[in-house]
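Structural overview for review
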Amino acid sequence: GFRDMEIVPLRAALWMTGIATLVVMLFLKSFVGHAAVVTSVGLAGFSSYLTYYGNYVIHETLLGFFAVTLLVFLFAFVSCPSKLKMVGIGVMAGLMFSSKITSLILFVSWFIGAMGVGLWCERSWPSRFKWKQWCSWFLVGIVSAFLVSTLLYTDFLKHPSGLWDAIRSIWLYETEIGHEK
């Protein structure tokens with residue numbers, strides 16, 4: 001179990017994930033500009049996400065990495081939509097959900113924010129966002145996220161009950177040592 005794990009490899013994985021998060025943020029430069037990326041990387045480097053949570057909660061750093069990578073895929077998708085980028089978004093969403101159930105809070109808040117932006121910028125949406133095409137892309141993302149989550153929660157289909165545990169844990173909040181939400 002988790003009690004048999006050694007601390008050094010766990011910490012090394014967190015350090016590598018933290019560094020990878022900062023590197024992935026550099027890909028946002030073409031979307032938000034140089035100054036915004038430098039500021040973001042600087043703030044993230046000293047944030048509690050990398051300095052505090054990484055020392056105590058392993059999955060927080062992974063969740064942050066997957067979230068930042070999902071946002072990079074999302075920015076790339078909005079600038080030039082493709083199914084491959086939507087698969088990337090879905091894979092990252094599936095990894096987020098698999099690393100921490102409370103990622104659903106992020107998904108809901110991002111969705112509400114996107115709807116707000118959509119209503120605000122209704123007239124300036126590019127013509128390439130056609131309803132049928134958008135729905136097909138969204139479906140590709142959802143299927144990708146579901147497949148990744150299913151594979152991870154079922155230990156690559158060895159334990160099918162893991163999928164039910166994932167769904168059940170959305171509504172039941174039972175923590176046990178080493179498996180906090």
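The preceding data block contains the structure.
Predicted model, so just to flag it, every value in this text is computed and none were measured.

Parameters at a glance
- Residues numbered from 1 in each chain as written.
- Predicted model: local features only at pLDDT ≥ 70, side-chain atom pairs only at ≥ 80, totals over all residues.
- Heavy atoms only, no water.
- Helix = DSSP H or I, 4+ residues; strand = E, 2+ residues; numbered from the N terminus.
- Buried < 20%, exposed > 50% of the residue type's maximum accessible area, 1.4 Å probe, protein only.
- Contact = heavy atoms within 4.5 Å.
- Areas by Shrake-Rupley, 256 points an atom, 1.4 Å probe, with all protein chains shown as cover.
- Core = buried A, V, L, I, M, F, W, Y, C linked by side-chain atoms within 4.5 Å.
- Patch = residues over 30% accessible without salt bridge, like charges linked within 9 Å, V, L, I, M, F, W, Y side chains within 5 Å.
- Salt bridge = Lys/Arg side-chain N within 4 Å of Asp/Glu carboxyl O.

**Some remarks on the overall build of the protein chain**
When helices and strands are tallied, the protein chain shows ten helices and zero strands. The linear arrangement of helices and strands in the protein chain, starting from the amino end, is α-α-α-α-α-α-α-α-α-α. Taken over 181 residues, the protein chain has a buried fraction of 30%. Within the protein chain, residue pairs in contact and separated by at least 24 positions form 63% of the contacts whose partners lie at least 6 positions apart. About 12,100 Å² of surface is accessible on the protein chain, with carbon and sulfur atoms providing 72% of the total.

**Remarks on unusual backbone geometry**
A positive phi is found at Phe156, a non-glycine position, where the angle reads about 55°. Looking at the secondary structure, you find Phe156 in the loop between α9 (131–153) and α10 (161–171). The class of Phe156 is exposed, set by a relative accessible area of 55%. For Leu157, which is not a glycine, the phi torsion comes out positive at approximately 70°. By the element assignment, Leu157 lies in the loop between α9 and α10.

**Side note on the nonpolar core**
With 21 residues, the main nonpolar core has Leu70 and Met96 as its most contacted residues. At the level of elements, α1 (7–25), α3 (34–45), α6 (58–79), α7 (83–99) and α9 are the ones that each hand at least two residues to this core. The element best represented in this core is α6, accounting for eight residues. In this structure, Met96 is in contact with Leu63, Phe66, Ala67, Leu70, Ser103, Leu106, Phe107 and Trp110, ignoring residues within four places of it in sequence.

**Some words on a nonpolar patch on the surface**
A surface patch of nonpolar side chains, about 410 Å² in accessible area, is lined by Ile19, Val23, Leu26 and Phe27. With respect to the secondary-structure elements, Leu26 resides in the loop between α1 and α2 (29–32).

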